Amino acid sequence: MSPPASHRRRSRLLSWPLLFVAILVVHSLAVYLFTRGFLLTRTELDLHSSRDDRPPQGDVPTGCASWPARAVDRLVIIVLDALRFDFVAPSTFFPEKHPWMDKLQVLQKLAANEKTSARIFKALADPPTTSLQRLKALTTGGLPTFIDVGNSFGAPAIVEDNIMHQLVKNGKRVVMMGDDTWIQLYPEHFNKSFPYPSFNVKDLDTVDNGVIEHLLPSLHKNDWDVLIAHFLGVDHAGHIFGVDSTPMIHKLEQYNKILEGVIDTLRSLSKPGGIHENTLLLVMGDHGQTLNGDHGGGTAEEVETSLFAWSPKTPPDAVLSVLDGSSCNVDLHGKEVCISTMQQLDFAATISALLGIPFPFGSIGRVNPELYALSTGTWVNHRMGTDACTNDLEAWMMRYSEVLCVNCWQVKRYIDQYSSTSVIGFPSEDLQHITNLYSRAQTNWSASLRTTCSSETGSQQKLEEKDPVLLQQIDAYTVFLQTFAKLARSAWTEFDLWSMCIGLLLMILSVIIQACMLVKLNTICQPSDQKKASSSIIPKLSFAFALVAIRAASFLSNSYILAEGKVANFLLATSCITSAWHSMVKGKFSVENFVFLLLNIFVRFGIEIGMSKQLPAPAITKDHSVGAICKIFGFNSCNILLEIFPIISLALVAYIILRCLSHAICQRFLKYFVLSGTLVSHVSIGFHWASETALFSHTGIVQEFGRSLAPRLVYAIGGLSVAISALYRIFSLTDHLKMNKRITILSAVVLCSWSPTILMLLGRQAPFVALICMTGAWCIIKLQQKHQKESQLSFADPVSVIQWSLLAVCLFYLTGHWCTFDGLRYGAAFIGFDHFHIIRQGLLLSIDTFGVSHILPILSLPFIAMLWYNTTSKDNKLKDVILNNITQVLLMYGLITAITCTLTIICVNIQRRHLMVWGLFAPKYVFDAIGLLLTDLLICLASLYYS
């Protein structure tokens, strides 16, 4: 005897969670394979240069058969993290003067007054511009790899050859103070180290104060050869307050005083016989930052940083013939300042040549002539005998030519080793071109050696006028090095096309399977009038598919990826206008249509302003985007309003939530627990915001409870609520409740468990985001309810699901996020905590990033599926229909995300050689892939929770 139809239907419904798990497994495998092929970076060779390395006889002339001689005795490297170029260069070099310019006056004065020994460089970094990649690239002399972005919270020790390894191996003593990332990268390379935790972006002073404590005393000691001091205040001030802010200006002014003390100390100890007689000072940034304080991408603001070099001992005047004089301007005091440009790729090779240590094996940079010439030691005539040069410039040119000769041999050695061991290597025609350039440069060397030294004393002559033969030799070596660097930048990443294609095929296969599952699910509970159902669902499916296809196709353009939030808002508004037009045709235009249209306008302006990024602090400046409004009421009134209004708005949000909860939950214990937990959480959020305002700065209780205890209390209540909601789902007997009520209770409990934590992490914008979210959800649900009541059909509306998805995308961008690593709001990870823990801070950052775009939208999807049903319907039939609709909605939402991610993968595959692949397309893929897996996981949990 066959089982009843209701049992068969229920068994099918209970099998859906297992199918969702299978989809998660397939997507995980697809993402793994594609990522393995796409982000398979260059092969890191486990080879190190040695002092005994010599080029084979005949490969290079005798003049460059050994590593360069030491030119400086001691090196001081002061790293100012996220140092923008316009922090150092005089404001006269820019079209418009800004408040943060001309604060590092000590560097500008040195560059103007001591032209032969001080120089400002515009240093160009290679993206990605996160600190880990930049430090690794600076010390290895190679290009950064995208895969290292994932290690930014826990940097692994570097095993590739680097200048730190060479310093230790060649007996140099290194002292480090500041950012503890150095210790993570080089755990056994320092004679002394004073590391300080670096990931609490809200802390502007701990790292800097630690450096200040040890920096000046260390300069008086003779127990080191290289000193590294890494300040973080400017980077953290940018992340929290932005560039145009008072804390940023204070930090720059503080750095100016510190640098004055460093320079005075070096100058006082640089007399003959002093410990700093032959010392070189470098003040540099590892990368720049945007006006919002972000970095990680490849924009001009992020890749342009500064390097300032100063030698206490002045080189001869002939150095001016080497230094670039094409970019000069007068400063604010009317004195001429010249600025040069260099690639950060050249840093490792240049430092190695100055310190007289072997170049790192994988370094592909060029010894920068201007930075090399600023050291007095490079002007010492080291070629004694009959061919000794009597002219400073010719002697320096000969020395530099020999340095470049060794530089080129080392790079050519690396090219040969890399090509023979790497799976793919470089294209054969490019390798042949590089080999020809190298051979041509070495052939020209014999002519350079025969050059006799001039006895002229006109050291101020231009370089090309002094010795064209040596200049041609230098140019030949430079062309070789720059050509290979260009080749490496264009073809460094090795793509495993087989893995990429298999991953892509799995994604396409999963989309087809999900679509078939959706079709099959629609057949489980077919309405009696199939013709009516088809005529109603086909137009909606077509329209929904068109919206998904348009959004997915936009990823083929980098411009549309940058404007993804606006594209999603445009498509959401299109669906809203279409719905309103359809209602007007029927003569049933509702208030929900009008509210939804109005909401889209607010969302559009919210995305444009970028709420959290344009409002990093409560204070408003005259240049702020809402400054025009504040001019009417006064800036002080606006600032007070900005401090109080979010708390008032939070009270409104709390009232709405409590009012809804009191009607939604009927069980007494659960109702009072959720109500009290929600109330305490929102009060704690208000206390936390109040503790950050100037109005309550003198209130001890608010300060003590609000800054640390209040956020932790919110997190604890949230975690306890999640546990109770799971236990309630497992052990509570809810079969006596109607399905509508049961789903409502489950949804309300789980949403109230997550929402306070997300509100806390979003900051002061949270109440406005919550109101937009609730209003948008209400409009979508009400419009869905009215449509399904009119049609009397039991299938889920695909247009409502795509609207839900588009609203989630809009909220992601509305809250100041975007799909690049500089779009991560690192400050949210430290709300309530001062110290870094990778799991804790990683979890909080993930909740902040994906809270309003993934967690809340997916967990609230059942509201679309069940609110329209009449409670007078037979409960057994109603239960099956609602469960079927919830599964449909979850499956549709997952399918939309899968289609979007599949098109992203196709786009990345097509654009893998695009100029912005690592700065834009690759981060977009990473965010979409993580979003897809998170969506699948949440759908699995939701299907188990609500089934």
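Parameters and conventions
Here the residue numbers are simple positions, counted from 1 along each chain's written sequence. Selection of residues for local features in this predicted model requires a pLDDT of at least 70, selection of side-chain atom pairs for listing and counting requires 80 or more, and totals for whole chains, interfaces and linings are taken over all residues. Hydrogens and water molecules were not included; the side-chain quantities draw on all heavy atoms of the structure. UniProt positions are given in the numbering used here, feature names are shortened, and annotations may be inferred rather than shown by experiment. Two strands pair under a simple rule: DSSP has to find at least two bridges between them. Put simply, DSSP marks the helices as runs of H or I at least four residues long and the strands as runs of E at least two long, and each gets a number from the N terminus on. Axis definition: a line fitted to C-alpha atoms, over the contacting stretch in the case of helices. Angles run 0 to 180 degrees between N-to-C directions. We call two residues in contact whenever any of their non-hydrogen atoms come within 4.5 Å of each other. Without a salt bridge and with relative accessible area above 30%, a residue can belong to a patch; like charges are then joined within 9 Å and nonpolar side chains (Val, Leu, Ile, Met, Phe, Trp, Tyr) within 5 Å. The Shrake-Rupley method, run with a 1.4 Å probe sphere, supplies the accessible areas, and residue values consider only the shown protein chains as cover. Within this document, salt bridges are pairs made up of a side-chain nitrogen of Lys or Arg and a carboxyl oxygen of Asp or Glu, the two lying within 4 Å of each other. Think of it in three bands: with a 1.4 Å probe and only protein chains considered, a residue is buried below 20% of the maximum accessible area for its type, exposed above 50%, and partly exposed in between. Here roughly perpendicular refers to angles of 65 to 115 degrees, roughly parallel to angles under 35, roughly antiparallel to angles over 145, and oblique to all remaining angles. In this classification, Asp, Glu, Lys and Arg are treated as charged, Ala, Val, Leu, Ile, Met, Phe, Trp, Tyr, Cys and Pro as nonpolar, and every other residue, Gly included, as polar.

Per an unreviewed UniProt entry, the protein chain goes by the name GPI ethanolamine phosphate transferase 3 and belongs to Urochloa decumbens. Looking at the Subcellular location (unreviewed entry) heading of the UniProt record, one finds this comment for the protein chain: "Endoplasmic reticulum membrane".

Novice: Give a description of the sheet that holds strand E1 (residues 74-80) that names residues and reports values.
Specialist: Overall, mixed pairing links the nine strands, which are arranged E4-E3-E5-E1-E6-E7-E2-E9-E8 in an open sheet. In this open sheet, the two edge strands, each paired with only one partner strand, are strand E4 (192-196) and strand E8 (328-330). In this sheet, neighbouring strand axes are inclined to one another by 20° on average, regardless of whether the strands run parallel or antiparallel. Bridge count for E1 against strand E5 (residues 226-231) is six bridges, and the pairing is parallel. Bridge pairing in E5 links isoleucine 77 to isoleucine 228. Those strands touched by helix H7 (residues 206-219) are E1, strand E3 (174-179), E4 and E5, and its axis lies near 155° from that of E5.

Novice: Break down a nonpolar patch on the surface for me, with residues and values.
Specialist: Together, Met584, Phe589, Phe594, Leu598, Ile601, Phe602 and Phe605 give the surface a local cluster of nonpolar side chains, amounting to about 750 Å² of exposed area. In terms of residue count, helix H22 (residues 591-609) provides more of the nonpolar patch than any other element does, five residues in total. Relative to the helices and strands, methionine 584 resides in helix H21 (residues 564-585).

Novice: Can you break down the pairing of E1 residue by residue, with the values?
Specialist: Regular strands place side chains that alternate from one sheet face to the opposite one. Burial analysis of E1 places seven of its seven residues in the buried class, which makes it a mostly covered element. Residues Arg74, Val76, Ile78 and Leu80 line one face of E1 and the alternating positions Leu75, Ile77 and Val79 line the opposite face, and both faces are buried. In terms of strand pairing, E1 meets strand E6 (residues 279-284) through six bridges, oriented parallel. Bridged to valine 79 within E6 is methionine 284.

Novice: Summarise the packing of helix H8 (residues 233-241) against helix H9 (residues 246-268); cite the residues concerned and give the values.
Specialist: At their nearest, the axes of H8 and H9 sit 9 Å apart, and the two run at 175° to each other. As far as their axial angle goes, H9 and H8 are roughly antiparallel. Counted together, Gly233, Val234, Ala237, Gly238 and Phe241 of H8 and Pro247, Met248, Lys251, Leu252 and Tyr255 of H9 form the full contact between these two elements. Grouping the constituent residues of the contact of H8 with H9 by class yields seven nonpolar, two polar and one charged.

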